[in-house]
Amino acid sequence: MKNNNTMPISELFVSYDSAEKLKKEAGDLLSWDLTPRQICDLELLMNGGFNPLKGFLGEEDYNSVVETMRLADGSLWPMPITLDVNQDFADKIEPGQDIALRDQEGVILAILSVSDKYTPNKSREAEKVFGADDDAHPAVNYLHNIAGPVYLGGPVTGIQQPIHYDYRGRRNTPNELRAYFRKMGWRRVVAFQTRNPLHRAHQELTFRAAKEAQANLLIHPVVGLTKPGDIDHFTRVRCYEAVLDKYPSSTTSLSLLNLAMRMAGPREAVWHGLIRANHGCTHFIVGRDHAGPGKNSAGEDFYGPYDAQELFKEFQGEIGVEMVDFKHMVYVQEKAQYEPADEVEEGMTVLNISGTELRRRLSEGLEIPEWFSFPEVVEELRRTKPPRANQGFTVFFTGFSGSGKSTIANALMVKLMELGGRPVTLLDGDVVRKNLSSELGFSKEHRDLNIRRIGYVASEITKNGGIALCAPIAPYMATRRAVREMIESYGTFVEVHVATSIEECEKRDRKGLYALARAGKIKEFTGISDPYEAPTNAELVIDTENTDVDNCAHQVLLKLESLGLIAG
């Protein structure tokens, strides 16, 4: 292993005086406002977490990484770190130009000296990096439906780190961690990567891993972007801090990593290893289905359970970090302790609670036994995830114009208000158009923007414990998915497909819109001259043709009851 965890690693920051001078000069440069994912990437580029990268990948390096997991100079690097921009911005940029990279408040973080401007083959990137060009993968969905079409590459000059107001004492750069290990005399350090709260099995697993590697332990959770629907990092860090007392303080440390995960399985494991090597770690725990995103469109896992471990083993000498196998720990009732599943004696009673079962117990307010988790962790989780009947949620109706969405949503609103307990807000398509989106037209781009605005407002209502009822047409699957992800960070999203046929909607045509669309007077009209992508996994499908409104609203109520969102 070639990892020397005592020497400092090179950073991309300039001196304070140079930074002040560059800030002034940057006022005349074109600026790009970074997305949350790009801010995570830039932070790790600047502080050496992505060493040996000196900036966002140019075309030659990008193609080499996609195809061979190596930079053009042969260095191992499995993940394309790219700056994607929209076409309008790309049209203003030529290689040789400098641009200012700013955070979402407009604070300048770095200068990018653009060496390359190129249009990537995103399908190829998806196929090679993530193993499949399948939108069920969150990173592939991001690639095709969120990321800009053009990539800019070039070296970065760091001016200042992104500003974090939370857990500042826990956010260590690679060099800060290396200095800490030096001060503590830690020569061997095993890192544990996690995006979930720690329960007793994790504690037992990390204890064993540190013992096996004869190393000190770094709990190194990701607090940048993880998988949509994960528990927010504020709750998780409170859980980690609660568990930290259970470890010997002289042998264990907690540090937060502002990484934007890609959920790329085997390649991600190698990437995580390189990042940990940069942070001064000598060992790394690689789990079963490490950084796996779940099921693909065919309902199968994207990666095999041990693919990540096998790829890591193949490259561990080059990474400079040794792999420690993640043991599947189970609770043995007769011994009242955790043991690796493959070491349990025959005839013993094994207890286990899956992630799905834990979520169910939290949502229904059921007991979570002490053998499974620490009371302090359960208390934190219950604060953030109260039983579903006390949480905010969104009901999102989608269907053709005239299908009955607004009528059902209105009836449902009245029924929910009759029940009481939580404020109810109706975000009807026409009302939103008038109050939130009056400047928007009906192009695909504008309709998408309108739905995203509705989703944003609904997510805020949900976050604050209210009920949001949305009734737009929302014809595009990718946009509905984006809204679902926005809302599921805070509560439950219930998609209701009002599946009234286009023929029936046209018969009802109270506003005469279908007739105008047939006559070509309304362009891009859903169902006539523009497609409607019907949901494939809606929580409820309703056909209003032979059912009255009261009955339709009642079907939604019954669904909400069955999901535990309202009391029966």
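Residues numbered from 1 in each chain as written. Predicted model: local features only at pLDDT ≥ 70, side-chain atom pairs only at ≥ 80, totals over all residues. Heavy atoms only, no water.

*Asks:* Explain the overall build of the protein here, please?
*Replies:* Across its full length, the protein holds 20 helices and 20 strands. Here the C-alpha radius of gyration of the protein, 26 Å, is about what a compact globule of 568 residues would show, namely 24 Å. Taken along its principal axes, the extent of the C-alpha atoms in the protein is 75 × 70 × 40 Å. Of the roughly 25200 Å² of accessible surface on the protein, 49% is carried by carbon and sulfur atoms. Here the protein contributes 65 positive and 80 negative side-chain charges, whose respective centroids are spaced 3 Å apart. (Helix = DSSP H or I, 4+ residues; strand = E, 2+ residues; numbered from the N terminus. Rg over C-alpha atoms; globule rule 2.2 N^0.38 Å. Areas by Shrake-Rupley, 256 points an atom, 1.4 Å probe, with all protein chains shown as cover. Lys, Arg positive; Asp, Glu negative; His and termini not counted. Charge placed at Lys NZ, Arg CZ, Asp CG, Glu CD.)

*Asks:* How should the pattern of salt bridges be read in this particular structure?
*Replies:* Two side chains bearing opposite charge may form a pair once their charged atoms approach each other closely. Applying the stated criterion to the full structure yields 29 salt bridges. For Lys335, the salt bridge is made with Glu339, and the minimal N-O distance between the two is 3.1 Å. You can call Lys335 partly exposed: its relative accessible area is 33%. A relative accessible area of 9% means that Glu339 is categorised as buried. Across the salt bridge formed by Glu504 and Lys507, the nearest N and O atoms sit 3.8 Å from each other. Here Glu504 pairs with Lys507, and both are found in helix α18 (residues 502–508), just 3 residues apart, close to one helical turn. It is possible to trace a salt-bridge network through shared partners that takes in Arg480, Arg484, Glu488, Glu495 and Glu539. (Salt bridge = Lys/Arg side-chain N within 4 Å of Asp/Glu carboxyl O. Buried < 20%, exposed > 50% of the residue type's maximum accessible area, 1.4 Å probe, protein only.)

*Asks:* I'm lost on the packing of helix α10 (residues 265–278) against helix α11 (residues 307–319) in this one. Help?
*Replies:* A packed helix pair is summarised by two numbers, namely the angle formed by the two axes and the spacing between the axes. Taken N-terminus to C-terminus, the directions of α10 and α11 make an angle of 35 degrees; their axes are 8 Å apart at the nearest point. Here α10 and α11 pass one another in a crossing that is right-handed. Contacts between α10 and α11 involve Gly265, Pro266, Arg267, Ala269, Val270, Gly273, Leu274 and Ala277 on the former and, on the latter, Asp307, Ala308, Leu311, Phe312, Phe315 and Ile319. (Axes fitted to C-alpha atoms, helices over the stretch in contact; angles between N-to-C directions. Left-handed = near helix turned anticlockwise from the far one by under 90°. Contact = heavy atoms within 4.5 Å.)

*Asks:* How should the side chain of Ser459 be read in this particular structure?
*Replies:* Summarising the element assignment, Ser459 is placed in helix α16 (residues 444–463). Sequence-distant contacts of Ser459, defined by excluding residues within four places in its chain, comprise Met486, Ile487 and Tyr490.

*Asks:* Can you walk me through the pairing of strand β8 (residues 189–192) in this structure?
*Replies:* Sheet faces and side chains relate simply in a regular strand, where the side chains alternate between the two faces. Neither face of β8 is left uncovered, since the one carrying Val189 and Ala191 and the one carrying Val190 and Phe192 both have all their residues buried. The pairing of β8 with strand β9 (residues 216–219) spans 4 bridges and is parallel. Within the sheet, the bridge partner assigned to Val189 lies in β9 and is Asn216. Following the backbone out of β8, through helix α8 (residues 200–213) and into the adjacent parallel β9, one traces a crossover that is right-handed. Pairing geometry for β8 and strand β11 (residues 283–286), over 2 bridges, is parallel. Following the sheet pairing, Val190 is matched in β11 by His283. (Pairing = 2+ DSSP bridges. Right-handed = clockwise from strand over helix to strand, strands pointing away.)

*Asks:* What is the right way to look at the packing of aromatic side chains in this model?
*Replies:* What describes a pair of aromatic rings is the distance from one ring centre to the other and the angle between the planes of the rings. Applying the stated criterion across every chain, the model contains 18 aromatic pairs. On the numbers, 5.6 Å between centres and 40 degrees between planes, the contact of Phe50 with Trp271 is tilted. Highlighted residues: Phe50 in the loop between α2 (36–46) and β2 (55–56) and Trp271 in helix α10, separated in sequence by 221 residues. Phe50 gets classed as buried once you look at its relative accessible area, which sits at 0%. Look at Trp271 and you get buried, because its relative accessible area is 0%. An aromatic cluster is defined as three or more aromatic residues linked by ring pairs; in this entry it consists of Tyr331, Tyr338, Trp371 and Phe372. (Phe/Tyr/Trp six-rings, centres within 6.5 Å; stacked < 30°, edge-to-face > 60°.)

*Asks:* I keep staring at the sheet that holds strand β15 (residues 350–351) and nothing clicks. Help me out?
*Replies:* Strands belonging to one sheet form pairs held by backbone hydrogen bonds; the direction of such a pair is parallel or antiparallel. Read from one edge of the open sheet, 3 strands run β14-β13-β15, paired in antiparallel fashion. Strands at the two margins of the open sheet, each flanked by one partner only, are β14 (337–340) and β15. Sheet topology places strand β13 (residues 329–332) next to β14; 4 bridges connect them, and they run antiparallel. By the bridge assignment, Tyr331 is partnered in β14 with Tyr338. Of the strands in this sheet, β13 and β14 touch α8, which is tilted by about 60 degrees from β14.

*Asks:* Please explain the packing of helix α5 (residues 122–130) against helix α6 (residues 138–145) as it appears in this structure.
*Replies:* Interaxial distance between α5 and α6 falls to 10 Å at its minimum, and their mutual angle equals 165 degrees. With respect to their mutual orientation, α5 and α6 come out roughly antiparallel. The handedness of the crossing between α5 and α6 comes out as right-handed. Within the contact between the two elements, α5 uses Lys122, Ser123, Glu125, Ala126 and Phe130 and α6 uses Ala139, Val140, Leu143 and His144. Along the lines of polarity and charge, the residues of the contact of α5 with α6 split into 5 nonpolar, 2 polar and 2 charged. (Parallel < 35°, antiparallel > 145°, perpendicular 65-115°, else oblique. Nonpolar A, V, L, I, M, F, W, Y, C, P; charged D, E, K, R; others polar.)

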